[in-house]
Amino acid sequence: MDLYTVTIDFEDRTKAIEQVECSNEVEALHAALRDAEALESYESRAIEETIKDYLRVIHVGKGFKGVWLWHHCNFDNQKVEDIYGGSIVQTDRNGAARHRSS
């Protein structure tokens, strides 16, 4: 298991920061969205729907290790409309590195 720091950015420019231990960046994002104190007032059904069908994760390129940006595209669900996305950072030195664009 590796340590990840996941940020969640909101429409009002506030940010939640969660640290989780998971096998990969996607699991870390899912865990942060499910367990973040900042999302306690959100309907869990809307969060689960977003996790299941609407997340996009982008590995930041050109030699960076373990850095991803994420956002969701669940635009029709007003219950999550003020969640914009965020970042995922892995602290493992052996994390995935991207050396070319695709």
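Remember, it's a predicted structure, so these values are computed and weren't measured experimentally. (Residues numbered from 1 in each chain as written. Predicted model: local features only at pLDDT ≥ 70, side-chain atom pairs only at ≥ 80, totals over all residues. Heavy atoms only, no water.)

Engineer: Before we move on, could you go through the packing of aromatic side chains and cite the residues and values that matter?
Structural biologist: This structure, assessed with the given rule, holds two aromatic pairs. Geometrically, the ring pair formed by Y4 and W68 is tilted, given 6.3 Å between the ring centres and 50 degrees between the ring planes. Of this pair, Y4 sits in strand β1 (residues 2–10) while W68 sits in strand β4 (residues 67–72), placing them 64 residues apart in sequence. What makes Y4 buried here is its relative accessible area of 2%. (Phe/Tyr/Trp six-rings, centres within 6.5 Å; stacked < 30°, edge-to-face > 60°. Helix = DSSP H or I, 4+ residues; strand = E, 2+ residues; numbered from the N terminus. Buried < 20%, exposed > 50% of the residue type's maximum accessible area, 1.4 Å probe, protein only.)

Engineer: Could you give an account of the sheet that holds β4, naming the residues involved and the relevant values?
Structural biologist: Strand pairing within a sheet occurs via backbone hydrogen bonds; the two strands may be parallel or antiparallel. With antiparallel pairing, the five strands of this open sheet are ordered in space as β2-β1-β5-β4-β3. Of all strands in the sheet, those with a lone pairing partner are β2 (15–22) and β3 (55–59), marking the two edges. Direction aside, neighbouring strands of the sheet carry axes that sit 20 degrees apart on average. Pairing geometry for β3 and β4, over five bridges, is antiparallel. Each residue of the ladder has a partner; that of H59, found in β4, is W68. Where helix α1 (residues 25–35) meets the sheet, its contacts fall on β1, β2, β3, β4 and β5 (83–90), and the angle it forms with β2 comes to roughly 125 degrees. (Pairing = 2+ DSSP bridges. Axes fitted to C-alpha atoms, helices over the stretch in contact; angles between N-to-C directions. Contact = heavy atoms within 4.5 Å.)

Engineer: Which residues make up the nonpolar core, and what are the values?
Structural biologist: With 24 residues, the main nonpolar core has V6, I8, L33, L39, I47, W70 and I83 as its most contacted residues. Per-element tally for this core: the top contributor is α1, with five residues. Sequence-distant contacts of I8, that is, excluding residues within four places in its chain, are made with T14, K15, A16, A32, L33, A36, L39, W70, I83 and G85. (Core = buried A, V, L, I, M, F, W, Y, C linked by side-chain atoms within 4.5 Å.)

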